[in-house]
Amino acid sequence: MNESRVLGITDVLSQGSQLEYTVPEKSLERVGAFVDAQRSGSNQNAPVTPRLSSTVMLLRERAHPQDGSSFAVFMQQRASSMAFVPDAVVFPGGSFDAMDDTYEIPWEGPSPSQWAQRMGCSEDTARRAFVTAAREVFEESGVLLARRKDGSELLNLAGSEELQSARSLLVGHKLAFGQLLSDMGLVLWTDLFCPCAHWVTPPSEPRRYSTFFFRAKMPQGQCADGKTSEAVRTGWANPEWLLEQQRAGALLIMPPTISNLCDLTQAQNVTEACAQRQTIHVYPEPTRKEDGTLVFRSVVR
């Protein structure tokens, strides 16, 4: 790797760039053992297969912009009891559920094959990533990124007992997301989403995810409530403020989230942040530098 062209986790990434960032201190022993075993050829265990997952950056304009930021992003701090990245500040999201394949999704906007071409993945992966994104953001924040069949917006979702009951059934894996949409006469309008990044957890980790990152403008007439057992705190925040808190050690934010927050700071408003773009792919691999430092490296695709 050409050291003079290497970008860090707080740099804006693009296809063809080279990324390198330091392995977190709490992971040094495990990652070091993985790298050393690979070098010696003694590592006989294949890496865990990543699970498909999606996460959504809900964005809204700020009525009274402060510190030069005109918009905010909805975040949640994961509970300390969570098995994966406890206490971390993240965007709403989660893993693909096999139930999502059991019921046809009412779909409008670009087709799964069109999205697949833009996202650089298979048609099935694109479809599942979109459905997972929509379902998870509804489960964790109460925001439903869908419209009525005639294209009109949804209003007063918080006051709908039927939808809140369906939300509980989704969380309990007792209802397919496609069935919820069909029963309510709703359609997943995929033009509400902007896929922007895809990160795969390094092979040294015991839990691995193949995560697609989406951006979405907060729909009018809805509110994000953050009523989820997975988080202890939720709310809207300035991306630059979140990064400042991370640098100060006040918030735990994982590298993929840091990278996406840094990219958000380049936008002037929500419309610009959600403008169409190609999806970048990041596949971090652990390695030990000549001076012994452990880092994760990836060529961004």
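In the annotation of an unreviewed UniProt entry, the chain is listed under the name NUDIX hydrolase and assigned to Senegalimassilia faecalis.

(A) Examining the packing of aromatic side chains more closely. Scanning the entire structure with this criterion turns up 9 aromatic pairs. Centre to centre, the rings of Phe130 and Phe193 are 5.5 Å apart; their planes meet at 75 degrees, and the pair counts as edge-to-face. Within this pair, whereas Phe130 is found in helix α3 (residues 123-141), its partner Phe193 is found in strand β10 (residues 193-200), the two being separated by 63 residues in sequence. We classify Phe193 as buried; its relative accessible area is 4%. Taken together, the ring pairs connect Trp107, Trp115, Phe130, Phe193 and Phe214 into an aromatic cluster. Seen from the ring of Tyr283, Arg301 lies directly overhead, with NZ or CZ sitting 4.5 Å from the centre.

(B) Representation of the packing of helix α2 (residues 112-119) against α3 within the structure. Relative to each other, α2 and α3 sit at 100 degrees, their axes nearing to 8 Å. Relative to α3, α2 is oriented roughly perpendicular. In contact with Pro112, Ser113, Trp115, Ala116 and Met119 of α2, α3 contributes Glu123, Ala126, Arg127, Ala129 and Phe130. A breakdown of the residues in the contact of α2 with α3 according to their chemical character gives 7 nonpolar, 1 polar and 2 charged.

(C) View of the nonpolar core. In this structure, Leu58, Met119, Leu144, Leu145, Leu180, Phe193 and Phe214 are the most contacted members of the largest nonpolar core, which totals 42 residues. Elements represented by at least two residues in this core include exactly β3 (51-66), α2, α3, α4 (161-171), α5 (177-183), β9 (186-189) and β11 (209-217). Among the elements that line this core, the one with the most residues is α3, at 8 residues. With residues up to four places along the chain from it excluded, the contact list for Met119 reads Ala126, Ala129, Phe130, Pro195, Phe212, Phe214, Thr279 and His281. If you look at the next biggest cluster of nonpolar residues, it comprises 35 residues, including Leu19, Phe213, Ala237 and Ile253.

So, how was this worked out
Residues numbered from 1 in each chain as written. Predicted model: local features only at pLDDT ≥ 70, side-chain atom pairs only at ≥ 80, totals over all residues. Heavy atoms only, no water. Phe/Tyr/Trp six-rings, centres within 6.5 Å; stacked < 30°, edge-to-face > 60°. Helix = DSSP H or I, 4+ residues; strand = E, 2+ residues; numbered from the N terminus. Buried < 20%, exposed > 50% of the residue type's maximum accessible area, 1.4 Å probe, protein only. Lys NZ or Arg CZ within 6 Å of the ring centre and 35° of its normal. Axes fitted to C-alpha atoms, helices over the stretch in contact; angles between N-to-C directions. Parallel < 35°, antiparallel > 145°, perpendicular 65-115°, else oblique. Contact = heavy atoms within 4.5 Å. Nonpolar A, V, L, I, M, F, W, Y, C, P; charged D, E, K, R; others polar. Core = buried A, V, L, I, M, F, W, Y, C linked by side-chain atoms within 4.5 Å.

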